[in-house]
Each structure stands twice: as C-alpha cells, then as structure tokens.
Amino acid sequence: MRNTIALTRRILQQFSHDPRTIALFIFVPIFALGLLSVMLNSPAYQPKLVAVDLPADVVAALAEQEATVIVASAAQAEQLLAAKEIDAVITLDGTTLTIEVEGSDPTKTGAVMQVVQSAVKDLTLTQREQMLSDIEERFSTIKSLLSSLPSGLPGVPDLPDLDDIITQFTPTVDKIDLLYLHGNSEWGNFDFFGPVIIGVFIFIFVFITSGMSLVTERTGGTMERLLVTPIKAWQLVLGFCIGFGLVSLIQAAIVLWACITLIGFPNEGSLILVICVTFSMAMVSMNLGLLVSALARTPFQVIQFMLVLVIPQVLLSGVFDLNGAPAWMQVLSRCFPVTHGAEALRAIMLGGAGLQAIGANLVALWGFVLAFFALASLSFARRKSS
C-alpha cells in the first residue's frame, strides 16, 4: 500500500509541475462544451426564398412564416439559386406551387418545405374563412329578401345548400411540387456531412502521424543527429513535407475511392479536384503537425496541442449546422483551414463545382500551408541554433 501511495504522490507532483496540462484539462472541455452549447441552442434556420410571379396573398403568407422572401424575375432567381445565395425559387402554375431548391443541404430543404407547407395551410384556412364569411353574408341578404315576398310566389328558386357550395371551394394552392437543382430526395444528412467527415478524418490522422513521427525521432535521438548536420531548418521541414506529402496523396486517393465506391458517398464533381482539396488539407495538417512537433517534447504534449488546435476546428468546420449560430461564431469558423477545405469538398461533391468556384478556398488552404511551413522552419532553426 505504501508503494501505491508513493506512486500516486509522484504522479500528482508531475501534474503540479506541468501547469499547461492542468490548464488544458480544465480549459479545453469548458471551451468545447461552450461552443457546442451555442451551436445546439441556436434558433432554427430561416430560409431565403425568391417568389417569381406569385400572387400577393401567397407572398404575404410566406413572409408571415418569418422567412426571407424576395420578389424577382425567373432569370434573377436562377442566378441566385445557382450561386447558393438563396435556398429556393417558388412559382405558381395554376394551383400547383413549384419549389426548386438547391438541394445539397437537407436541413435547408427541410426548412423550406416546413415554411411553404405552413404558409399554404394558413393561406387556405384564411381563404376558406373569408369565403364562408362572404357566402353567409350573401345568404343572409338573400334570405331577408325572400322572406319579404309573398309565400307561394311562382318563379322564386330554392336556395342551394350552403354545404354544397363550401365543398366546391378551390384554394389558390392545392398541390406542391419539389424540384432539386443538385441532389435528389434520397439525399440525407449523411450525404450532406460526408464531405466534411472525409476532410476532418484526413486532417486529424495526418496531424497525429506527422506530429508523433517527429517526436518519436526526437526521443530516439535521430532528430538531434539531424540538427547537428549542415542541413538547414527549412530543408529539414521540406524533406518531411515531401515524404509525408507523397504518403498523404496516396492516402487521400485510396480513402476517397473507398468512400465513393464502397460506402456510397455522392460525388457530382471531378474526383481529381476532390483529391486536390483533400491533399491540400493534408498538407495544412502535416505542416501544423510539424510545427507542433517542434514545440512538443513528448507524444502526450502532441495530444495536448491537438485538443487546442484541432478540436475547435472540427466543431466549427460544418459538422454542426452554423446557419443559425451567432455572427461571431460564423466569422471565427472562416479563420480555420478545415472550414475552407470542407466548404470546397461540399461544393465539388454535392454541387459539381469546378476549380473556379473553389479557387478562393484553395488559396486559403495553401496560405495556411505556407504560414505553418514558415513557423515550423523558424522553430527548428531556433532549436538547431540552441
């Protein structure tokens, strides 16, 4: 028992001499749970709709559902939908309401359908109540006129039954058709979150692999022997980048093939472009892992850095719906490379986007690559000179 107590005391002393670990144990769970609380308690998403040649009462019914309703021409509506600036285009053909949605996000499609169905229901009830009020008022007037005539007067028709008139009521909308710009009705949440999950998994695994590998070489003494050679710090980092980069490229190709062919992830775009984006994310993660490995002394410290640097990115990357999140959280998510990678993968795999559409995301990813490469080179240069 005395040995057990001594061992326990030694572990507690180790933690007391490592304030960073204690701070991470306390700060990271609170920070992560705080982000989750804000995201999960955000209000329901309010869709953005475009009305094309709709009657005023239909537009008013949609607006009463707290949806953003824009009146525009058919050409303008198609442009806005293709650019994903709106969620649906609504037109009326006879008594059939046609809804064309972007389709890649089931959450937004569901919100559009809920708003439209509620609006049509409220509109139909309002019209029916107005019709009943008008009919009852007219019947009352006719009855009062007929009651003033002598009884048995020839040529006076019988009044029709009020229930028969009500059953002949035709609402403005009696049918709803749903069309998809991308995807189809069989796409679910798994298909929408699939591209994000692919990017997140590759990012995490490459980060752990690159970070752990260098720390292992340091504990084995290999890194110290490399640092005393004439090799420059940036050459050292570049060598690791090329080596891990080739492995990451092969990994990305195999993982994507398995996800699309075996698991059934949808892909409406170019597979080569998807591999390019995942490889870019892997390069960001690898250089971040190299930077962390230059700062960490043990594998346990690599895990600590991952909790601080990777977990917030995963939470804000798109795994959770941020459409209803506060503006500051949406801005914060744009500061992380995983968000840009996940956004590009969704655009390609779900929307069939080309290089031009995701160009800004690729520029952002390689900007992070260069920044982390420079910081990692600087860290190794300081270690080499010390």
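Criteria and thresholds
Residues numbered from 1 in each chain as written. Predicted model: local features only at pLDDT ≥ 70, side-chain atom pairs only at ≥ 80, totals over all residues. Heavy atoms only, no water. Helix = DSSP H or I, 4+ residues; strand = E, 2+ residues; numbered from the N terminus. Buried < 20%, exposed > 50% of the residue type's maximum accessible area, 1.4 Å probe, protein only. Contact = heavy atoms within 4.5 Å. Areas by Shrake-Rupley, 256 points an atom, 1.4 Å probe, with all protein chains shown as cover. Salt bridge = Lys/Arg side-chain N within 4 Å of Asp/Glu carboxyl O. Phe/Tyr/Trp six-rings, centres within 6.5 Å; stacked < 30°, edge-to-face > 60°. Pairing = 2+ DSSP bridges. Right-handed = clockwise from strand over helix to strand, strands pointing away. Axes fitted to C-alpha atoms, helices over the stretch in contact; angles between N-to-C directions. Parallel < 35°, antiparallel > 145°, perpendicular 65-115°, else oblique.

1. Some details on the overall build of the chain
Part 1 of the argument: In terms of regular secondary structure, the chain is built from 15 helices and 5 strands.
Part 2 of the argument: The 386 residues of the chain split such that 41% are buried.
Part 3 of the argument: In the chain, of all internal contacts separated by at least 6 residues, the share reaching a separation of at least 24 is 75%.
Part 4 of the argument: Carbon and sulfur atoms make up 64% of the accessible area of the chain, which amounts to about 20,600 Å² in all.

2. Remarks on helix α12 (residues 311–319)
Every α-helix carries 3.6 residues per turn, so stepping three or four residues along brings you back to the same face.
Part 1 of the argument: Most of α12 sits inside the fold, with 7 of its 9 residues counted as buried.
Part 2 of the argument: Those residues of α12 not exposed but buried are Pro-312, Gln-313, Val-314, Leu-315, Leu-316, Ser-317 and Gly-318.

3. Some details on the pattern of salt bridges
Part 1 of the argument: What the rule picks out here adds up to 2 salt bridges.
Part 2 of the argument: Here Lys-84 makes a salt bridge to Glu-102, at a shortest N to O gap of 3.9 Å. Residue Lys-84 is found in the loop between α4 (74–82) and β3 (88–93), and its partner Glu-102 is found in the loop between β4 (96–101) and α5 (106–147); the two are separated by 18 residues along the sequence.
Part 3 of the argument: The exposure class of Lys-84 is partly exposed, given its relative accessible area of 41%.

4. A word on the packing of aromatic side chains
To describe a pair of aromatic rings, you give the distance between the ring centres and the angle between the ring planes.
Part 1 of the argument: Tallied over the full model, the rule gives 3 aromatic pairs.
Part 2 of the argument: On the basis of an interplanar angle of 50° and a centroid distance of 6.4 Å, the ring pair of Phe-279 and Trp-366 is categorised as tilted. Note that Phe-279 is positioned in helix α10 (residues 271–295) and Trp-366 in helix α15 (residues 355–385), a separation of 87 residues in sequence.

5. Remarks on unusual backbone geometry
Part 1 of the argument: Even without glycine at this site, Asp-53 takes up a positive phi of about 55°.
Part 2 of the argument: With respect to the helices and strands, Asp-53 occurs in the loop between β1 (48–51) and α3 (56–63).
Part 3 of the argument: For Lys-84, which is not glycine, the phi torsion reads 60° and is therefore positive.

6. Topic: the side chain of Asp-87
Part 1 of the argument: Here Asp-87 lies in the loop between α4 and β3.
Part 2 of the argument: Those residues in contact with Asp-87 that sit more than four places away from it in its chain are Tyr-45, Pro-47, Lys-48, Leu-81, Glu-100, Val-101, Glu-102, Lys-108 and Val-112.

7. Some words on the environment of Leu-123
Part 1 of the argument: Examined against the element boundaries, Leu-123 turns out to sit in helix α5.
Part 2 of the argument: Using a relative accessible area of 8% as the deciding quantity, one classes Leu-123 as buried.
Part 3 of the argument: The residues touching Leu-123, leaving out its near neighbours within four places in the chain, are Asp-57, Val-58, Ala-61 and Thr-172.

8. Here we look at the pairing of strand β2 (residues 68–71)
Part 1 of the argument: Direction of pairing for β1 relative to β2: parallel, over a ladder of 4 bridges. Looking at β2, one finds that Val-50 is bridged to Ile-70.
Part 2 of the argument: Handedness of the β1-α3-β2 crossover: right-handed.

9. Points about the packing of α10 against helix α14 (residues 337–351)
Part 1 of the argument: Running from N to C, α10 and α14 cross one another at 170°; their axes reach a closest spacing of 10 Å. By the angle between their directions, the pair α10 and α14 is classed as roughly antiparallel. The residues of α14 that touch α10, namely those facing Leu-273, Val-274, Val-277, Thr-278, Met-281 and Val-284, are Pro-337, Val-338, Gly-341, Ala-342, Ala-344, Leu-345, Ile-348 and Met-349.

10. Thoughts on the pairing of β4
A regular strand carries its side chains on alternate faces of the sheet.
Part 1 of the argument: Most of β4 is tucked away: 6 of the 6 residues are buried.
Part 2 of the argument: Burial along β4 is two-sided: Thr-96, Thr-98 and Glu-100 and Leu-97, Ile-99 and Val-101, pointing in opposite directions, are all buried.
Part 3 of the argument: Here β3 runs beside β4; their pairing, made up of 6 bridges, is antiparallel. Paired with Thr-91 across the strands is Thr-98, a residue of β4.
Part 4 of the argument: Once β3 ends, the chain turns through 2 residues before running back antiparallel as β4, passing Gly-94 with a positive phi of about 70°.

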